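# Structural overview for review
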Amino acid sequence: MKQIELIPAIDIINGKCVRLTKGDYSQKTVYRDSPTDVAKEFEDLGFRRLHVVDLDGAKSKHIVNIAALRGITENTKLTVDFGGGIKTDDDLQQAFEAGASMVTVGSVAVTYPELFAEWLGKYGADRMILGADVRNGNISINGWKEDSDKALLPFLAQYVDMGVKNVLCTEISKDGTLSGPALELYSELMKAYPTLHLIASGGVSSLDDIQALNDAGTPAVVFGKAIYEGKINMKELWHWHDA
């Protein structure tokens, strides 16, 4: 079986590395002052991918922490995907010019599907990740502050038909809780779209959780709090991954 792709996450507020619980900005933990230093440490540990989220941007509806993204891409060789606040052509161009290899776009895909389709055609499916943040079965937008009326599977269907290959799906009720991933949800998605490069996000607390996602055939996983809280032993993780 192909091994799951491991993608650590850096979430940024006020230029600092933080984690939220269930997307609640009032439940914020600041882990480090320098996202660049954290990214360097991930690179030193052997990671090749990094998921960066501008949480200020997600709430402000435009990119805010572009300097933090640039600091990471200029000081590491990590392949960075960046999301949070990408709402316009200018935001998208800023992210790519600051060194992002890929961007994660969620809210625009809900509110302005024609614009997302335009970006998909212009930049290609390999550089665009569809963000599908889910709460109570429906897609949530704008930093998870608003729930749309769009159910997950029909939402994905329209974009898979357009050629989307990469989907980052976060179960908001799990995010930052260390309570285990939404295995049933991801299994359902992989059954519906077996060729999709699905990136699972939310709730990962241990190597066992990653193993369970791998056993379910999930192509990739984003995780953050489990690393920052010391719940995952990096040596054990890489020994398992290379086995």
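Quick note: structure is the one above.
Read on for a plain summary of the structure.

Criteria and thresholds
Residues numbered from 1 in each chain as written. Predicted model: local features only at pLDDT ≥ 70, side-chain atom pairs only at ≥ 80, totals over all residues. Heavy atoms only, no water. Axes fitted to C-alpha atoms, helices over the stretch in contact; angles between N-to-C directions. Helix = DSSP H or I, 4+ residues; strand = E, 2+ residues; numbered from the N terminus. Left-handed = near helix turned anticlockwise from the far one by under 90°. Contact = heavy atoms within 4.5 Å. Salt bridge = Lys/Arg side-chain N within 4 Å of Asp/Glu carboxyl O. Buried < 20%, exposed > 50% of the residue type's maximum accessible area, 1.4 Å probe, protein only. Pairing = 2+ DSSP bridges. Nonpolar A, V, L, I, M, F, W, Y, C, P; charged D, E, K, R; others polar.

### Overview of the packing of helix α7 (residues 152-162) against helix α8 (residues 183-192)
- Across the interface, α7 lies against α8 with an axial gap of 12 Å and an inter-helix angle of 35°. Here α7 and α8 pass one another in a crossing that is right-handed. Where α7 approaches α8, its residues L152, L153 and L156 are matched on the opposing element by L185, E188, L189 and A192.

### A closer look at the pattern of salt bridges
- On inspection of all chains with the given rule, the structure shows 6 salt bridges.
- Across the pair D11 and R19 runs a salt bridge, and its minimum N-O distance is 2.7 Å. Accessibility classification places D11 together with R19 in one group, the buried group.
- Residues joined by salt bridges that share partners form a network here, namely E5, R49 and D81.

### Focus on the pairing of strand β4 (residues 49-54)
- For β4, a buried count of 6 out of 6 residues is recorded, marking the element as mostly surrounded by other parts of the structure.
- Burial along β4 is two-sided: the face carrying R49, H51 and V53 and the face carrying L50, V52 and D54 are both buried.
- Where strand β1 (residues 5-13) and β4 come together, 4 bridges link them in parallel fashion. Residue pairing for β4: A9 is matched across the bridge by H51.

### Describing the environment of A39
- Here A39 shows up in helix α1 (residues 35-45).
- Take A39: its relative accessible area is 0%, and that puts it in the buried class.
- A C-alpha to C-alpha distance of 35 Å links A39 and D161, two positions 122 residues apart in sequence.
- Those residues in contact with A39 that lie beyond four places of it in its chain are I10, L50, I72, T76 and L78.

### A look at the packing of helix α4 (residues 89-97) against helix α6 (residues 113-123)
- It is at 12 Å that the axes of α4 and α6 come closest, and there the two elements cross at 35°. Viewed along their axes, α4 and α6 form a crossing whose handedness is right-handed. Contacts between α4 and α6 involve D89, L92, Q93 and F96 on the former and, on the latter, L115, E118, W119 and Y123.
- Considering only residue class, the contact of α4 with α6 consists of 5 nonpolar, 1 polar and 2 charged.

Take it as geometry only, folks, not as evidence of what the structure does.
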